[in-house]
Amino acid sequence: MGPRAADARTRTPLTRERVLQAASDLADRDGLEALTMRALADMLGVEAMSIYHHLPNKDAILDGVVELTFAQVAAEAGGEGTGPAQTDAAGWAPAVRDRILGARRVLLRHPWAPVVIDRRKSFSPAMVAHVDGIVGIMRAAGMSHDLIHHSLHAIGNRIYGYVQELSDDGQAPPPGQLEQMRSFAPHLAAMLAEVAHVDPESTLGWCDDQTEFEFGLDLLLEGIERRRLAEAAGAA
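Cut-offs and rules
Residues numbered from 1 in each chain as written. Predicted model: local features only at pLDDT ≥ 70, side-chain atom pairs only at ≥ 80, totals over all residues. Heavy atoms only, no water. Axes fitted to C-alpha atoms, helices over the stretch in contact; angles between N-to-C directions. Helix = DSSP H or I, 4+ residues; strand = E, 2+ residues; numbered from the N terminus. Parallel < 35°, antiparallel > 145°, perpendicular 65-115°, else oblique. Left-handed = near helix turned anticlockwise from the far one by under 90°. Contact = heavy atoms within 4.5 Å. Salt bridge = Lys/Arg side-chain N within 4 Å of Asp/Glu carboxyl O. Core = buried A, V, L, I, M, F, W, Y, C linked by side-chain atoms within 4.5 Å. Buried < 20%, exposed > 50% of the residue type's maximum accessible area, 1.4 Å probe, protein only. Expected span 1.5 Å × (residues − 1). Polar contact = N/O pair within 3.5 Å; in protein donor to acceptor, adjacent residues only side chain to side chain. Phe/Tyr/Trp six-rings, centres within 6.5 Å; stacked < 30°, edge-to-face > 60°. Lys NZ or Arg CZ within 6 Å of the ring centre and 35° of its normal.

Undergrad: Please clarify how the packing of helix H6 (residues 92–109) against helix H12 (residues 210–235) should be interpreted in this entry.
TA: When two helices pack together, their arrangement is given by the angle between the helix axes and by the axis-to-axis distance. Between H6 and H12, the least distance of the axes is 10 Å, while the angle of their chain directions is 155°. When the axis of H6 is compared with that of H12, the two are roughly antiparallel. Here H6 runs over H12; the crossing is right-handed. Touching Trp-92, Ala-93, Val-96, Arg-97, Ile-100, Leu-101, Arg-104 and Leu-108 of H6 are Gln-210, Phe-213, Glu-214, Leu-217, Asp-218, Leu-221, Ile-224, Glu-225 and Arg-228, all from H12.

Undergrad: I keep staring at the pattern of salt bridges and nothing clicks. Help me out?
TA: Close approach of charged atoms lets side chains of opposite charge pair. Under the definition given, this model contains 9 salt bridges. Here Arg-109 makes a salt bridge to Glu-76, at a shortest N to O gap of 3.8 Å. On the criterion of sequence distance, the pair formed by Arg-109 in helix H6 and Glu-76 in helix H5 (residues 58–76) is long-range, its members being 33 residues apart. Between Arg-228 and Glu-225 there is a salt bridge, with the nearest N and O atoms lying 2.8 Å from each other. With Arg-228 and Glu-225 both in helix H12 and 3 residues apart, this pair spans about one turn of that helix.

Undergrad: I'm lost on the nonpolar core in this one. Help?
TA: One recurring pattern in soluble globular proteins is that nonpolar side chains are buried together. With 56 residues, the main nonpolar core has Ile-51, Ile-61, Trp-92 and Met-138 as its most contacted residues. Top contributing element to this core by residue count: H6, with 9 residues. Aside from chain neighbours lying at most four places away, what touches Ile-51 is Leu-14, Val-19, Met-37, Leu-40, Ala-41, Leu-44, Val-46 and Ile-61.

Undergrad: What is the right way to look at H12 in this model?
TA: A turn of α-helix holds 3.6 residues, and therefore any two residues three or four places apart point the same way. Between its first and last C-alpha, H12 extends 37 Å over 26 residues, near the 38 Å set by a 1.5 Å rise per residue. Restricting attention to buried positions, one finds in H12 the residues Phe-213, Gly-216, Leu-217, Leu-221, Gly-223, Ile-224 and Arg-228. Buried residues along H12 sit in contact with H6, helix H8 (125–140) and helix H9 (145–155).

Undergrad: I would appreciate a short explanation of the side chain of Thr-69 in the present structure.
TA: Position of Thr-69 relative to the elements: it lies in helix H5. A polar side-chain atom of Thr-69 sits 2.8 Å from the main-chain carbonyl oxygen of Val-65. Not counting chain neighbours up to four residues away, the residues in contact with Thr-69 comprise Val-106, Leu-107, His-110, Trp-112 and Ala-113.

Undergrad: Before we go on, may I ask you to explain the packing of H5 against H8 in this structure?
TA: As a packed pair, H5 and H8 sit with axes 8 Å apart at the nearest point and diverge in direction by 30°. As judged from the angle between their axes, H5 and H8 are roughly parallel. Where H5 crosses over H8, the handedness of that crossing is left-handed. Across from Val-66, Glu-67, Phe-70, Ala-71 and Val-73 in H5, the residues of H8 making contact are Pro-125, Ala-126, Met-127 and His-130.

Undergrad: Would you take a moment to explain the environment of Ala-189 for this structure?
TA: Residue position: Ala-189 is located in helix H11 (residues 186–194). Judged by relative accessible area, which is 0%, Ala-189 ranks as buried. Separated by 10 residues in sequence, Ala-189 and Glu-179 have C-alpha atoms that sit 7.6 Å apart. The contacts of Ala-189, once residues within four sequence positions are left out, are Leu-178, Met-181 and Arg-182.

Undergrad: Mind showing me how you'd approach the packing of aromatic side chains here?
TA: For any pair of aromatic rings, the description rests on two quantities: the centre-to-centre distance and the angle between the ring planes. Overall, the coordinates contain 1 aromatic pair when judged by the stated rule. A centroid spacing of 5.4 Å and a plane angle of 85° characterise the contact between Phe-70 and Tyr-160, whose relative ring orientation is edge-to-face. You can see Phe-70 sitting in helix H5 and its partner Tyr-160 sitting in the loop between H9 and helix H10 (175–181), a full 90 residues away along the chain. Across this residue pair, the class does not change: Phe-70 and Tyr-160 are buried. Above the face of the Phe-213 ring, Arg-104 is positioned so that its terminal group lies 4.5 Å from the ring centre.

In structure tokens:
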């Protein structure tokens with residue numbers, strides 16, 4: 001038996017799951033722009049055509065790595081279906097906060113993921129399950145479906161663990177642009193010149209660092225809690 005035949009017998013079989021994990025690892029290591037079919041095939045040690053037997057094109061791979069990422073989000077949350085049944089009215093906000101910040105921890109390990117979610121307008125089953133878990137927590141706290149619906153709109157741009165509209169804003173305005181802004185927006189220019197985000201490990205965009213993300217999330221959850229209390233008092 002020759003070397004090639006031996007290699008064929010010992011080589012790990014190519015599967016959809018193996019392709020997606022390799023794609024995620026490649027994007028983690030080299031960035032999203034490096035994720036090409038040729039680079040992925042090289043990483044797997046196969047011909048590019050072999051990948052097409054499992055995933056028909058790059059868009060399918062991008063959708064698949066988002067699904068893989070949110071499977072990790074579910075694991076970070078402790079598995080599906082465990083949170084809501086154990087959450088009372090007093091504990092709903094910390095439970096939702098933990099779930100959202102858990103998603104953020106996963107996305108910080110995969111900083112390319114927000115770009116793919118926005119670009120592909122992804123809404124995979126695992127993403128739906130993430131939102132469903134949050135709805136379950138709110139419902140267990142006694143909130144009406146109407147209040148939950150409004151609340152999801154309020155926290156929607158943070159629910160997956162990042163601020164969507166800022167996810168591709170990679171840097172602060174350059175000094176020259178700030179100088180130009182002083183003539184027509186002096187207050188904004190002064191703020192931007194002073195504010196600095198100096199923790200790159202917690203950042204998914206220039207203004208989307210951990211402190212800013214948690215500040216906005218906490219304001220929203222506090223406001224929803226006031227509405228929940230008012231709704232409960234009205235029902236009583």
